[in-house]
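Listed below are the residues making up each chain.
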Amino acid sequence: FLFAGARSVLVSHWPVRDDAAMLLTTAALDWQARNPDAPRARAMQHAMLSLLDNGNKADFAHPSAWAPFILLGDG
């Protein structure tokens, strides 16, 4: 993807929960849309913190829900 022109790629180190992946990516994209001048890595940080603070799903605080994700490329 980077060779094809993508500035960054979100990847995971191991299989992830579908619900956590959906919430993490949408939270990061929403935060980035509200803060277009901020780095993408900051958007990921805020998304990961939102999973930790999710009152509806206490098990999202476990690192298995948010830790496998990394941002490669232009962060």
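Residues numbered from 1 in each chain as written. Predicted model: local features only at pLDDT ≥ 70, side-chain atom pairs only at ≥ 80, totals over all residues. Heavy atoms only, no water.

1. Section: the layout of surface pockets
The condition that has to hold: Grid spacing is 1 Å over the protein atoms alone, the probe is 1.4 Å, and a cavity is where that probe fits but cannot get out, while a pocket is an open set with protein on both sides within 12 Å along at least five of seven lines and lining residues have an atom within 4 Å of a point. Grid points are joined across faces, edges and corners, and a volume is the space filled by probe spheres set on the points. The helix count covers DSSP runs of H or I at least four residues long, the strand count covers runs of E at least two residues long, and both are numbered beginning at the N terminus. Classes in brief: Ala, Val, Leu, Ile, Met, Phe, Trp, Tyr, Cys and Pro nonpolar; Asp, Glu, Lys and Arg charged; the others, Gly included, polar.
By volume, the largest pocket amounts to about 200 Å³. Lining the largest pocket, in full, are S8, V9, L10, T25, A28, L29, Q32, R40, A43, M44 and L71. Listing elements by their share of the lining of the largest pocket, those giving two or more residues are β1 (8-12), α1 (18-34) and α2 (40-52). Broken down by element, the residue count for the lining of the largest pocket peaks at four residues, all from α1. Split into classes, the residues belonging to the lining of the largest pocket amount to seven nonpolar, three polar and one charged.

2. Things to note about the pattern of salt bridges
Rules: A pairing counts as a salt bridge when a side-chain nitrogen of Lys or Arg comes within 4 Å of a carboxyl oxygen of Asp or Glu. Categorising residues by exposure relies on relative accessible area from a 1.4 Å probe, with only protein chains included: less than 20% of the type maximum marks a residue as buried, more than 50% marks it as exposed, and the intermediate range marks it as partly exposed.
Scanning the model with the defined rule gives four salt bridges in all. Across the pair R17 and D19 runs a salt bridge whose closest N-O atoms are separated by 2.8 Å. Residue class for R17 comes out partly exposed when judged on its relative accessible area of 26%. A salt bridge links K57 to D19; its shortest N-O distance comes to 3.6 Å. In this pair, K57 is assigned in the loop between α2 and α3 (63-66) and D19 in helix α1, connecting sequence segments 38 residues apart.

3. A look at the confidence of the model for the protein
Rules: Confidence scores labelled pLDDT are given residue by residue by the predictor and lie between 0 and 100.
Per-chain confidence: the protein averages 91 in pLDDT, with 99% of residues scoring 70 or above. Mean pLDDT per element in the protein: α3 is the minimum at 89, and α1 is the maximum at 94.

4. Quick notes on the nonpolar core
Let me state the cut-off plainly: In this text, buried Ala, Val, Leu, Ile, Met, Phe, Trp, Tyr and Cys residues form a nonpolar core when linked through side-chain atoms within 4.5 Å. When checking whether two residues touch, look at their non-hydrogen atoms; a contact exists if any pair is within 4.5 Å.
Counting residues in each nonpolar core, the largest one holds 14 residues, and the members touching the most others are L24, A28, M44, M48, F60 and F69. Counting only elements with at least two residues in this core, the list comes to α1 and α2. Non-local contacts of F60, meaning those with residues more than four positions away in its chain, are made with R17, D19, A20, L23, L51, L52, N54, A65 and W66.

5. Thoughts on the side chain of N54
To keep things clear, this is the line we draw: We define a polar contact as two N or O atoms separated by no more than 3.5 Å, with the added condition that, inside protein, one atom must be a possible hydrogen donor and the other a possible acceptor, whereas residues neighbouring each other in sequence contribute only through side-chain atom pairs.
As for its placement among the helices and strands, N54 is situated in the loop between α2 and α3. At 3.2 Å, the side chain of N54 forms a polar contact with the backbone nitrogen of K57. Look past the residues within four positions of N54 in its chain and what remains in contact with it is L23 and F60.

6. Focus on the environment of D74
Looking at the element boundaries, D74 is found in the segment after β2 (69-73). With 35 residues separating them in the primary sequence, D74 and P39 have C-alpha atoms 8.4 Å apart. Beyond its immediate chain neighbours, meaning those up to four positions away, D74 contacts R7, S8 and R40.

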